[in-house]
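A look at the structure
Take a look at the letters that make up each chain.
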Amino acid sequence: MTPIEVSKSQFPEGFVWGVATSSYQIEGAVDEGGRGPSIWDTFSHTPGAVDNGDTGDVACDHYHRWPEDLDLMVDLGVASYRFSVAWPRVMPDGRSVNQEGLDYYRRLVDGLLERGIHPLMTLYHWDLPQSLDVGDAGGWLSRDLPDRFVDFALVLGKELGDRVPSVTTLNEPWCSAYLGYASGEHAPGRTDNTLAYRAAHHLNLAHGRAAAALRDVLPPSADVSVALNLHQVQAASERPEDLAAAEHVDLIANRMFLDPMFGGGYSDQLRATTAGLTDWSFVRPGDEAEIGVAVDSVGLNFYNPSRVGVGPGAPFPGTHRAFYADIPGPRTVMGWPIVPSGLTDLLIRVQRDIGLPIHVTENGLGAHDAVEDGTVHDQDRIDYLQAHLGAVLAALQQGVDVRGYYVWTLLDNFEWAWGYEKRFGLVRVDLADQRRTLKDSARWYAEVIAKHGL
Ligand code: FCB
């Protein structure tokens, strides 16, 4: 890494300021416009799956209110909007195209371009068409899914590729695989460690095949990427068994994706550390080469580091050999430790291991947000964002090629298994009447953007 001149408070020229959202978390309108059901509709309607029995049925009603929401982005001054496409809106049964769904995303993208906002389109942020998750071997356990995903990617690439310069294949395949199939906290709610590895491999293959297929339909200048929630893993102690647990987690949670995407294939170390967890029989000759197709940049989602050891504690998803250990210090209401330096360390590691331009595609604070005088004085969120932007600056000063930062998230929304109670938005959404109100953090972010610095 060659350190470049970066001031302590100013971001480099061209650094992109953004906000991120995802389709199921904000759109609502689950049975409008020809949309089919997704695995998250099914899961959120399963008793006990989501806090309070909350669902994404209405969410922020963004499907109808998107022009107002895009205007809010203009008020903030953001340069880029990271959104995701609901696969079941575009392909209700996962296979045939619903033009009405495509038209919706075309209007959204045109609305962004008219407002001078750069669209960053994520193809898959977890809302798989329900019809692709049938039976015990359905969903991401199915070897058919990567090709279904390629079809979906090509539909979007052909329809919107002329106007969407940046396309991300998958958001956080770790969550899809390990929370969806091992811990069961996410749709489709399966709870078998072994299944997570098969699902992760099929997600990797879907990414590689779709990235390759997109090249044929996108303009040569397009930026194709994947967004990963890599874990900044720390050992609970210097004891050899805790160090080994941390190494194990780095392999199953990080290198499970990094090895095949950027390292030439699943490493011997990864295969060795998963003995007893999976036999890897789902990997076929040629798969790893397909997964390793070149991408242009990588998205990194970061909230907190993870400390692990041999226990006691909650098991780390997908394994029985590592358990979460406490990280002393402040925590968010999600229970997530607040350690901004973890982001600097992770950015340095990603730069070293991958060497591609990086965008921080998610970072933000979940809180209970009290309403006072009709607004939210969320100094806690401002402090969190400020400290993490400081961590990005520290990485830039050490030569890491960070090109942009997206706050998670624009609007208070459906926070998966936690429902609506824990809020991440820069903008408060009143769930009773859908009224939007800028929080203090939104005004603060607008100032950071205007100053291009802290
Ligand atoms: C990430 C998800 C995003 C949001 C944040 C808080 O794992 O990608 O949808 O839920 O966490």
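The structure contained in this document is the topic of the report that follows. A quick note: this is a predicted structure, and the numbers were derived from the prediction, not measured.

**A word on the pairing of strand 3 (residues 118-124)**
For strand 3, the buried fraction is high: six of the seven residues fall into the buried class. Pairing of strand 2 (residues 80-84) with strand 3, which is carried by five bridges, proceeds in the parallel orientation. By the bridge assignment for strand 3, Tyr-81 is matched with Pro-119. Pairing of strand 3 with strand 4 (residues 166-171) involves four bridges; the strand directions are parallel. Within strand 4, the residue paired with Leu-120 across the bridge is Ser-166. Handedness of the strand 3-helix 6 (residues 145-160)-strand 4 crossover: right-handed.

**Here's the deal with unusual backbone geometry**
Look at the link from Ala-187 to Pro-188: it is a cis peptide, with omega at 5 degrees. In the segment running from Gly-311 into Pro-312, the intervening peptide bond is cis, with an omega of 0 degrees. Non-glycine residue Trp-280 carries a positive phi angle of around 65 degrees. Positionally, Trp-280 belongs in the loop between helix 10 (268-273) and helix 11 (287-291).

**Some points on the site of the ligand**
Taken together, Gln-25, His-125, Trp-126, Asn-171, Glu-172, Tyr-303, Glu-362, Trp-408, Glu-415, Trp-416 and Phe-424 make up all the residues around the ligand. In the model, an oxygen atom of the ligand is placed 2.9 Å from a nitrogen or oxygen of the Glu-362 side chain. For the shell around the ligand, the residue count by class is five nonpolar, three polar and three charged.

**Brief notes about the packing of helix 8 (residues 193-217) against helix 9 (residues 240-262)**
One can describe the packing of helix 8 onto helix 9 by two numbers: an axis separation of 10 Å at closest approach and a directional angle of 35 degrees. In the crossing of helix 8 with helix 9, the sense of the turn from one axis to the other is right-handed. The segment helix 8 lies against helix 9, with Tyr-197, Ala-200, His-201, Asn-204 and His-207 engaging Ile-252, Met-256, Phe-257, Pro-260 and Met-261.

**Structural notes on the packing of aromatic side chains**
This structure, assessed with the given rule, holds 34 aromatic pairs. With a centroid separation of 4.8 Å and 5 degrees between ring planes, the pair formed by Trp-87 and Phe-152 is classed as stacked. Of this pair, Trp-87 sits in helix 4 (residues 87-90) while Phe-152 sits in helix 6; the two residues are 65 residues apart in sequence, bridging distant segments of the chain. Like Trp-87, the residue Phe-152 is buried in the burial classification. Members of the aromatic cluster, joined through ring pairs, are Tyr-24, Trp-40, Phe-43, Trp-126, Phe-414, Trp-416 and Tyr-420. The ring of Tyr-104 carries Arg-89 above its face, with NZ or CZ at 5.8 Å from the centroid. Seen from the ring of Trp-280, Arg-271 lies directly overhead, with NZ or CZ sitting 5.2 Å from the centre.

**Some remarks on helix 8**
Its 25 residues place the ends of helix 8 37 Å apart at the C-alpha level, agreeing with the 36 Å of an ideal helix rising 1.5 Å per residue. Here helix 8 lies mainly inside the structure; 18 of its 25 residues are buried. For helix 8, the side-chain oxygen to backbone nitrogen distance between the N-cap and Thr-194 is 3.0 Å, and the N-cap itself is Asp-192.

**Overview of the environment of Lys-451**
In this fold, Lys-451 is placed in helix 14 (residues 440-451). The exposure class assigned to Lys-451 is partly exposed, which follows from its relative accessible area of 47%.

**What to know about the side chain of Ser-23**
Residue placement: Ser-23 occurs in helix 1 (residues 23-26). Given the relative accessible area of 2%, Ser-23 is considered buried. In this structure Ser-23 touches Ser-84, Val-85, Ala-86, Tyr-105 and Asp-127, once residues within four positions along its chain are discounted.

Rules used throughout
- Residues numbered from 1 in each chain as written.
- Predicted model: local features only at pLDDT ≥ 70, side-chain atom pairs only at ≥ 80, totals over all residues.
- Heavy atoms only, no water.
- Buried < 20%, exposed > 50% of the residue type's maximum accessible area, 1.4 Å probe, protein only.
- Helix = DSSP H or I, 4+ residues; strand = E, 2+ residues; numbered from the N terminus.
- Pairing = 2+ DSSP bridges.
- Right-handed = clockwise from strand over helix to strand, strands pointing away.
- Near = heavy atom within 4 Å.
- Polar contact = N/O pair within 3.5 Å; in protein donor to acceptor, adjacent residues only side chain to side chain.
- Nonpolar A, V, L, I, M, F, W, Y, C, P; charged D, E, K, R; others polar.
- Axes fitted to C-alpha atoms, helices over the stretch in contact; angles between N-to-C directions.
- Left-handed = near helix turned anticlockwise from the far one by under 90°.
- Contact = heavy atoms within 4.5 Å.
- Phe/Tyr/Trp six-rings, centres within 6.5 Å; stacked < 30°, edge-to-face > 60°.
- Lys NZ or Arg CZ within 6 Å of the ring centre and 35° of its normal.
- Expected span 1.5 Å × (residues − 1).

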